[in-house]
Amino acid sequence: MRFTRRAAVAVVGVAALLAASACGGSDDDGGGTGSTKVEVFTWWADGGEKAGLDGLVGTFGTACAGQEFVNGAVAGGAGANAKQVLASRLQQSDPPDTFQAHAGAELLDYINAGQIEDISADYETWGLKQAFPQGLIDNLTVDGKIYSVPANIHRANVVWSNKTVVADAGITADPKTMDEFFAALDKVKAKGITAPLAIGKDWTQLMLFESVLITNLGAEKFTGLWNGSTDWNDPGVAKSITDFKRLLTYTNSDRDALDWTDAEKLVMEGKAAYQLMGDWEAADLDAKKFTDYGYFTFPGNGGTFQWLADSFVLPKGAKNVDGTKCWLKTVGSAEGQKAFNTTKGSIPARTDAVPADYPKYQQAAIADWKSQTPVPSCAHGSACSQGWQGAANSALGAYSSNGDDAGLQKALVAAATEFAKK
Ligand code: GAL
């Protein structure tokens, strides 16, 4: 398996996580064939993420009568904890009936490790080849086979703001360049808000850094960082580290201890003006009844849409194959995608969705997805394998405390050398 080293490290402490997981085991259903329970493993345990999952579960209940949803969620943004538990369970041949995996390189990890089933024939039966855009189908296809059903398209490169804090600082327009962003941050700081840009730990820092890379490299060169056509020694990477370092001076000093929702709270409470986060934040703010928020594409990212897609798989050795297939069919259906995405902040992967059915933010995202240039995300698995993602998260985590510019670039070069095209 490609992410062996990381998975091996992950096993340490996994027992504690398994114990903390509400529904960590899958053997509470009597096991064996004939089970009517479908254990769905995600990291959507709270707020807007849970609301999205609940929507899907509602549709599943209607469409798959006789099957019972079992919630295997393990809390922690971006699957920081869930992925460790999952790796351990897969190693022990104790898979859940289905689990959440990002389309793209992350999914390839599971395919190459032989851990998930080819469901191409079901795609034909369920009419999914026509339902999803060709670009997404191409992304999901490996050697002519498809292994997962995407539930959505999320966007990563969005800045969320507290409108009152921004207005109080005299900012009248969303910043469109890095210079304008620094100027806006200075204005908020001048109002006595010492950390105007809220951020959390490693993977949230990687997201911010990726946005800065998109600004400095542009869509094509940024994508090239992950497919081998752009050198990580590029001066644009060095410039991005400089910009990123400056951005960090506007962030909360306890960042390495916070999850994305803790950073989001700083924005909601008016202790910060801005946060870079994926558009699950729209759903989460809505779920928390915070309405005073604005959003804009990260300054300098122009017409790029940094995408990721949550998809569900059929693991080898799933106990309830029929029930799982009904879950997957529901995930890909028009009803399932609507129930899920209207409350998750994402947009449907299907092309037949009706924008008017969606909240205002998603309507704008649906339009952007059609017109803008897609770029992948490493923090959320569409660009890089789990091993590479782990190395990038560690590099950013180390940089957060040591601020060693050359050290960061060197670590990123080393990660690319180790993990690219494996
Ligand atoms: C992403 C996932 C999103 C959202 C986010 C924060 O990796 O694709 O659906 O859950 O993590 O936890």
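A quick note: this is a predicted structure, and the numbers were derived from the prediction, not measured.

1. Some thoughts on the environment of Ala-184
So, step 1. Relative to the helices and strands, Ala-184 resides in helix α10 (residues 178-190).
So, step 2. Residues contacting Ala-184, with those up to four places away along its chain left out, are Ile-171, Pro-175 and Tyr-274.

2. Observations regarding unusual backbone geometry
So, step 1. A positive phi angle, close to 50°, is found at Asp-143, a residue other than glycine.
So, step 2. Mapping Asp-143 onto the fold places it in the loop between β4 (141-142) and β5 (145-146).
So, step 3. Judged by relative accessible area, which is 75%, Asp-143 ranks as exposed.
So, step 4. A positive phi angle, near 60°, is found at Lys-289, a position not held by glycine.
So, step 5. Tracing the backbone through its elements, the reader meets Lys-289 in the loop between α14 (280-287) and β11 (293-297).

3. Brief notes about the site of the ligand
So, step 1. If you check the shell around the ligand, you find 13 residues, and the closest are Glu-49, His-102, Asp-310, Lys-344 and His-380.
So, step 2. The contact in question runs from an oxygen atom of the ligand to an N or O atom on the side chain of His-380, over 2.7 Å.
So, step 3. When the residues that make up the shell around the ligand are grouped by side-chain class, the tally is six nonpolar, four polar and three charged.

4. Some details on the packing of aromatic side chains
So, step 1. Using the criterion set out here, one finds 22 aromatic pairs in the structure.
So, step 2. Where Tyr-123 meets Phe-132, the ring centres are 6.2 Å apart and the plane angle is 55°; that geometry is what we call tilted. The two residues Tyr-123 and Phe-132 agree in class, both being buried.
So, step 3. Three or more aromatic residues joined by ring pairs make a cluster, and in this case those are Trp-44, Phe-60, Phe-69, Phe-312, Trp-327 and Phe-340.

5. Thoughts on the sheet that holds strand β10 (residues 274-277)
So, step 1. Spatially, four strands are ordered β9-β10-β8-β11 in an open sheet, and the strand pairing comes out mixed. Both outer strands of the open sheet, β9 (197-198) and β11, are each paired with one neighbouring strand and no more.
So, step 2. In the sheet, β9 pairs with β10 via two bridges, with the strands oriented parallel. Bridge pairing in β10 links Ala-198 to Gln-275.

6. Describing the pairing of strand β13 (residues 310-313)
So, step 1. Taking every second residue as pointing to the same face, both faces of β13 are buried, with Asp-310 and Phe-312 on one and Ser-311 and Val-313 on the other.
So, step 2. Direction of pairing for strand β3 (residues 98-102) relative to β13: antiparallel, over a ladder of three bridges. Bridged to His-102 within β13 is Asp-310.
So, step 3. Bridge count between strand β6 (residues 148-150) and β13: three bridges; the pairing is antiparallel. Opposite Pro-150, over in β13, you have Ser-311 as the bridge partner.

7. Notes on the sheet that holds strand β12 (residues 304-308)
So, step 1. Pairing within the open sheet is mixed, and its three strands lie in the order β7-β12-β14. Only two strands of the sheet have a single neighbouring strand rather than two, namely β7 (154-155) and β14 (373-376).
So, step 2. Across four bridges, the pairing between β12 and β14 is parallel. Across the sheet, residue Trp-307 finds its bridge partner in β14, namely Pro-376.
So, step 3. The sheet contacts of helix α17 (residues 360-371) involve β7, β12 and β14, and relative to β12 the element is tilted by about 105°.

8. A few points about the nonpolar core
So, step 1. Grouped together as the largest cluster of nonpolar side chains are 120 residues, with contacts concentrated most on Trp-232, Leu-247, Tyr-274 and Trp-327.
So, step 2. Top contributing element to this core by residue count: helix α11 (residues 202-227), with 13 residues.
So, step 3. Core analysis: the next-biggest nonpolar cluster, separate from the first, contains six residues, Ala-198, Ala-263, Leu-266 and Val-267 among them.

9. Things to note about the confidence of the model for the chain
Any residue range with low pLDDT should be treated as having predicted coordinates unsuitable for detailed reading.
So, step 1. Confidence in the prediction of the chain, expressed as mean pLDDT, is 92, and 92% of residues score 70 or more.
So, step 2. Residue range residues 1-32 is modelled with pLDDT below 50. Its contacts to residues more than four positions away, or to other chains, number 52 contacts.

10. A look at the packing of helix α3 (residues 47-63) against helix α16 (residues 334-341)
So, step 1. α16 packs onto α3 with a crossing angle of 155° between their chain directions and a minimal axis gap of 7 Å. The orientation of α3 with respect to α16, classified from their angle, is roughly antiparallel. Read as a crossing pair, α3 and α16 show a hand that is right-handed. Where α3 approaches α16, its residues Gly-52, Leu-53, Gly-55, Leu-56 and Thr-59 are matched on the opposing element by Glu-335, Gly-336, Ala-339 and Phe-340.

11. Re helix α4 (residues 82-91)
So, step 1. Counting buried positions along α4 gives eight out of ten residues, so the element sits mostly inside the fold.
So, step 2. Buried within α4 are the following residues: Ala-82, Lys-83, Val-85, Leu-86, Ala-87, Ser-88, Arg-89 and Leu-90.
So, step 3. Just past α4, the residue Ser-93 takes up positive phi, approximately 55°.

12. Regarding α11
So, step 1. When the terminal C-alpha atoms of α11 are compared, their 23 Å separation across 26 residues is substantially less than the 38 Å that a helix rising 1.5 Å per residue should span.
So, step 2. Bending of α11 peaks at approximately 120° at the position of Gly-218.
So, step 3. Along α11, 19 of the 26 residues are buried, which leaves the element largely enclosed by surrounding structure.
So, step 4. Looking at the residues trailing α11, positive phi occurs at Gly-228, about 95°.

13. Notes on the packing of α11 against helix α12 (residues 235-248)
So, step 1. Relative to each other, α11 and α12 sit at 155°, their axes nearing to 9 Å. One finds that α11 runs roughly antiparallel with respect to α12. The hand of the α11/α12 crossing is right-handed. Together, Gln-205, Leu-208, Phe-209, Val-212, Leu-213, Asn-216, Leu-217 and Leu-225 of α11 and Gly-236, Val-237, Lys-239, Ser-240, Ile-241, Asp-243, Phe-244 and Leu-247 of α12 make up the contact between the two elements.
So, step 2. Split into classes, the residues belonging to the contact of α11 with α12 amount to ten nonpolar, four polar and two charged.

How each quantity is defined
Residues numbered from 1 in each chain as written. Predicted model: local features only at pLDDT ≥ 70, side-chain atom pairs only at ≥ 80, totals over all residues. Heavy atoms only, no water. Helix = DSSP H or I, 4+ residues; strand = E, 2+ residues; numbered from the N terminus. Contact = heavy atoms within 4.5 Å. Buried < 20%, exposed > 50% of the residue type's maximum accessible area, 1.4 Å probe, protein only. Near = heavy atom within 4 Å. Polar contact = N/O pair within 3.5 Å; in protein donor to acceptor, adjacent residues only side chain to side chain. Nonpolar A, V, L, I, M, F, W, Y, C, P; charged D, E, K, R; others polar. Phe/Tyr/Trp six-rings, centres within 6.5 Å; stacked < 30°, edge-to-face > 60°. Pairing = 2+ DSSP bridges. Axes fitted to C-alpha atoms, helices over the stretch in contact; angles between N-to-C directions. Core = buried A, V, L, I, M, F, W, Y, C linked by side-chain atoms within 4.5 Å. pLDDT = per-residue confidence, 0-100. Parallel < 35°, antiparallel > 145°, perpendicular 65-115°, else oblique. Left-handed = near helix turned anticlockwise from the far one by under 90°. Expected span 1.5 Å × (residues − 1). Bend = angle between axes of the 7 residues up to and from the residue.

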